[in-house]
Amino acid sequence: MLYINIEKESGNSLAKQIYEQVRRRILNGDLLADEKLSSTRELSQALNISRSTVITSYEMLLSEGLVYSKIGSGVYVSPGAKYDRMPLQATDYCMTAFSSEQLPKGIINFHSGTPALDQFPMAKWMKYVSRAYRGAPTSALGYDYPAGRPEFRKTMSLFLKKTRGVDCHPDQILITSGTKQGLSLVAQCLLSNNKEAWIEDPSNIHVKKIFHNYTKNITPLPVDDKGIQPDLFPPHGNPALIFVTPSHQFPMGGILPIQRRLELLQYAEKAVSYIVEDDYDSEFRYKGLPINSLQELGNERVIYLGSFSKTLFPSVRLGYMVLPRHLIECFSEYKRLCDHHSNSFTQLAVMDFINSGEMERHIMRMNKLYAKRRNCLISLLKENFSDTVKVLGDSSGLHIVAEFRDIIFTPDLINDLAAAGVGVKSVEEHAIVKGCHANQVILGYANLEPEEIKIGIERLKNVLIS
Ligand SMILES: Cc1ncc(COP(=O)(O)O)c(C=O)c1O
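Thresholds applied
- Residues numbered from 1 in each chain as written.
- Predicted model: local features only at pLDDT ≥ 70, side-chain atom pairs only at ≥ 80, totals over all residues.
- Heavy atoms only, no water.
- Helix = DSSP H or I, 4+ residues; strand = E, 2+ residues; numbered from the N terminus.
- Expected span 1.5 Å × (residues − 1).
- Buried < 20%, exposed > 50% of the residue type's maximum accessible area, 1.4 Å probe, protein only.
- Contact = heavy atoms within 4.5 Å.
- Polar contact = N/O pair within 3.5 Å; in protein donor to acceptor, adjacent residues only side chain to side chain.
- Pairing = 2+ DSSP bridges.
- Axes fitted to C-alpha atoms, helices over the stretch in contact; angles between N-to-C directions.
- Right-handed = clockwise from strand over helix to strand, strands pointing away.
- Arc of directions from axis to C-beta.
- Near = heavy atom within 4 Å.
- Areas by Shrake-Rupley, 256 points an atom, 1.4 Å probe, with all protein chains shown as cover.
- Core = buried A, V, L, I, M, F, W, Y, C linked by side-chain atoms within 4.5 Å.
- Domains from an automatic or database assignment.
- Salt bridge = Lys/Arg side-chain N within 4 Å of Asp/Glu carboxyl O.

S.K.: Please set out helix H10 (residues 344–355) residue by residue, giving values where relevant.
M.R.: Spanning 12 residues, H10 covers 16 Å between terminal C-alpha atoms, matching the ideal 16 Å at 1.5 Å per step. In terms of residue burial, H10 counts as a mostly covered element, since 10 of its 12 residues are buried. For H10, the elements touching its buried residues are helix H4 (122–135), helix H5 (150–164), strand S4 (173–176) and helix H11 (358–385). N-cap assignment for H10: the residue whose side-chain oxygen lies 2.8 Å from the backbone N of Phe-345 is Asn-343. One or two positions beyond H10, positive phi appears at Gly-357, with a value near 90°.

S.K.: Now, about the sheet that holds strand S15 (residues 425–426): what can you tell me, with residues and values included?
M.R.: Strand order across the open sheet formed by four strands is S12-S13-S16-S15, with antiparallel pairing between neighbours. Looking at strand neighbours, the two that pair on one side only are strand S12 (389–392) and S15, the edges of this open sheet. By the bridge criterion, five bridges tie strand S13 (residues 399–404) to strand S16 (residues 440–444) in an arrangement that is antiparallel. Each residue of the ladder has a partner; that of Val-401, found in S16, is Ile-442. Where H11 meets the sheet, its contacts fall on S12, S13 and S16, and the angle it forms with S13 comes to roughly 10°.

S.K.: Please provide a residue-by-residue account of the side chain of Glu-358, values included.
M.R.: Of note, Glu-358 is situated in helix H11. With near-sequence residues (within four places) excluded, Glu-358 lies in contact with Lys-124, Tyr-128 and Phe-353.

S.K.: Explain the pairing of strand S8 (residues 241–244) to me, using residue names and the numbers behind them.
M.R.: Where burial is concerned, the two faces of S8 agree: the one with Leu-241 and Phe-243 and the one with Ile-242 and Val-244 are both buried. Pairing of strand S5 (residues 197–201) with S8, which is carried by three bridges, proceeds in the parallel orientation. Its bridge partner lying in S8, Ile-199 is registered against Phe-243. Alignment of S8 against strand S9 (residues 274–278), held across four bridges, turns out to be parallel. When the sheet's bridge partners are listed, Phe-243 is paired in S9 with Val-276. At this point the chain moves from S8, through helix H8 (residues 258–271), to the parallel S9, and the crossover so formed is right-handed.

S.K.: Now, about the side chain of His-437: what can you tell me, with residues and values included?
M.R.: When you line up the elements, His-437 lands in the loop between S15 and S16. Side-chain polar atoms of His-437 contact the side chain of Gln-440, separated by 2.7 Å. Once residues lying within four places of it in the same chain are set aside, the contact partners of His-437 are Pro-202, Met-252, Val-427, Glu-428 and Ala-431.

S.K.: Any chance you could break down helix H3 (residues 51–63) for me, citing the residues and the numbers?
M.R.: In an α-helix, one full turn covers 3.6 residues, which means residues spaced three or four apart are oriented alike. Counted at 1.5 Å a residue, the expected span for H3 with its 13 residues is 18 Å, and the 18 Å between its end C-alpha atoms agrees. Where H3 is concerned, the buried positions are Thr-53, Val-54, Ser-57, Tyr-58 and Leu-61. Across the axial projection of H3, the buried residues extend over an arc of 135°, all falling on one side. Its buried side turned inward, H3 meets helix H1 (14–28), helix H2 (40–47), strand S1 (67–70) and strand S2 (74–77). Positive phi appears at Gly-65, one or two residues downstream of H3, with a value of about 80°.

S.K.: Tell me about the site of the ligand, residues and numbers included.
M.R.: Taken together, Gly-178, Thr-179, Lys-180, Asn-204, Phe-250, Asp-278, Tyr-280, Ser-307, Ser-309, Lys-310 and Arg-317 are the residues near the ligand. The separation between an oxygen atom of the ligand and a polar side-chain atom of Lys-180 is 3.0 Å. Summarising the interface, the protein chains cover 90% of the accessible area of the ligand, which totals 400 Å² for the free molecule.

S.K.: Tell me about the pairing of strand S11 (residues 319–322), residues and numbers included.
M.R.: Side chains Gly-319 and Met-321 project from S11 onto one buried face, and the interleaved Tyr-320 and Val-322 project onto a second face that is buried too. Relative to S11, S4 runs antiparallel, the two being bridged by four bridges. Bridge pairing in S11 links Thr-176 to Gly-319. In this sheet, S11 lies alongside strand S10 (residues 302–307) in antiparallel orientation, the contact comprising four bridges. For Leu-305, the partnering residue across the bridge sits in S11 and is Met-321.

S.K.: Can you explain the nonpolar core? Please cite residues and give values.
M.R.: Across soluble globular proteins, nonpolar side chains show a tendency to be buried alongside one another. Membership of the largest hydrophobic core comes to 65 residues, with the highest contact counts inside it found for Phe-110, Met-156, Phe-308, Leu-312, Leu-381 and Phe-404. In terms of residues, this core owes the most to one element, H11, which gives nine residues. Each of domain 2 (108–114 + 361–464) and domain 3 (138–356) contributes no fewer than three residues to this core. Leave out the neighbours within four places in its chain, and Phe-110 touches Leu-377, Val-422, Gly-423, Val-424, Ile-442, Leu-443, Gly-444, Leu-448, Ile-453, Gly-456 and Ile-457.

S.K.: Explain the environment of Met-156 residue by residue, including any values.
M.R.: In this fold, Met-156 is placed in helix H5. The class for Met-156 is buried, based on a relative accessible area of 0%. For the pair Met-156 and Ile-242, spaced 86 residues apart in the sequence, the C-alpha separation amounts to 25 Å. Setting aside its immediate chain neighbours within four residues, Met-156 contacts Ile-173, Ile-175, Phe-308, Tyr-320 and Ile-354.

S.K.: Quick one: what's the story with the pattern of salt bridges, residue by residue and with numbers?
M.R.: Taken as a whole and judged by the stated rule, the model has 17 salt bridges. For the salt bridge of Asp-279 with Arg-164, the shortest nitrogen-to-oxygen distance reads 2.6 Å. Taken as a pair, Asp-279 in the loop between S9 and S10 and Arg-164 in helix H5 lie far apart in primary sequence, 115 residues in all. Considered together, Asp-279 and Arg-164 belong to a single accessibility category, that of buried residues. With its nearest N and O atoms 3.8 Å apart, the salt bridge here joins Glu-429 to Lys-425. Given a relative accessible area of 29%, Glu-429 falls into the partly exposed group.

This is how it looks when you write it as structure tokens:
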């Protein structure tokens with residue numbers, strides 16, 4: 001069955017939405033020449049819309065020559081309609097599964113990476129925001145420092161030293177609009193001319209997509225339960241960079257042991273490669289204290305990336321990088337060309353939030369809350385699936401990976417789950433080499449109340465054990 005995601009409220013005609021999605025899939029080569037499309041009757045029933053709407057969209061495809069019809073048989077993809085240079089568009093991300101932004105109402109969303117939004121101390125935050133606007137120097141209204149306001153970078157260098165063991169001078173800090181922008185800057189500065197990037201596999205699929213815009217030379221590095229495995233690296237490799245999440249491997253959840261950290265640093269040193277350390281959620285740890293960063297051990301080879309998306313909230317769009325000194329100029333220049341600098345008032349508000357101790361108090365409060373939510377999720381999984389489920393990953397962060405015996409999370413199954421009111425993402429979706437993680441899903445728990453977790457797991461069970 002052709003999966004189409006329509007939005008009845010979008011203001012775009014339904015026929016046009018279907019036409020555009022099928023068109024894009026044909027051009028991308030997702031639908032192959034001579035492949036049969038779902039019948040107009042099937043599709044109209046599945047989407048709960050009139051058959052004439054589907055017929056209109058198919059007629060648009062026919063008139064453009066993208067499909068042909070065989071009388072009495074159906075509609076097929078025309079040969080020669082695949083376009084190799086078709087650029088990715090936002091809609092491609094939700095072709096096979098609902099994207100988090102588009103989940104139907106009432107769904108229990110286990111997607112990873114969202115902190116408890118309703119627990120954010122908004123009233124306090126507003127105090128710091130309004131103070132930032134009232135007290136800011138006039139210079140903050142103009143084009144500001146590309147690398148970030150100096151006073152904020154000073155605060156960040158102290159804060160990162162204290163909380164993450166990061167060892168740096170304030171000048172080594174570059175304020176970004178989040179990790180994704182940091183990764184784009186890394187790619188622009190280091191991956192030109194098709195240079196080689198090695199990345200953990202699986203890892204957040206955005207990493208590969210961002211790097212892929214700059215190089216086709218990407219090598220996946222398989223991870224095990226502790227993370228990346230430097231003993232598997234080829235003896236004489238020389239990638240421009242090695243991307244890792246050592247404090248909490250995304251998504252598998254391993255913590256990289258010290259021996260592997262040292263091996264990785266030695267390798268990078270010899271190969272003259274940079275290690276890109278994405279420290280995305282390690283502030284939250286439920287057993288002992290957060291593990292120190294890799295940057296602490298090798299600060300001239302490591303590019304450290306962090307974000308306020310988890311400690312504050314994702315739409316704040318603020319992050320930071322810690323760079324080896326010799327890269328600062330190049331990165332600052334690319335940042336200037338990208339958006340000149342990140343919002344100065346947000347920087348000042350976050351600076352005060354940190355300096356007043358509010359940030360650490362908030363993190364501590366959330367740590368306790370997330371530990372409870374994590375325990376609740378794990379016990380409900382055990383209660384409902386007993387030994388057919390295995391929970392993977394260390395006691396950290398905002399998600400776990402659940403591995404199910406004898407279940408393959410195909411895009412269709414993920415869509416069936418969404419239709420049943422439970423949003424999950426498969427690990428496979430983040431894998432570069434496909435086929436090794438098909439029975440694993442990522443379950444984010446931070447933004448769900450225990451009652452919602454309970455309903456979500458019941459819905460999961462209803463679909464998986466039916
Ligand atoms: C592995 C990883 N790194 C970083 C981030 C944060 O990205 P950003 O700062 O762009 O919000 C995420 C978001 O979920 C993530 O999964």
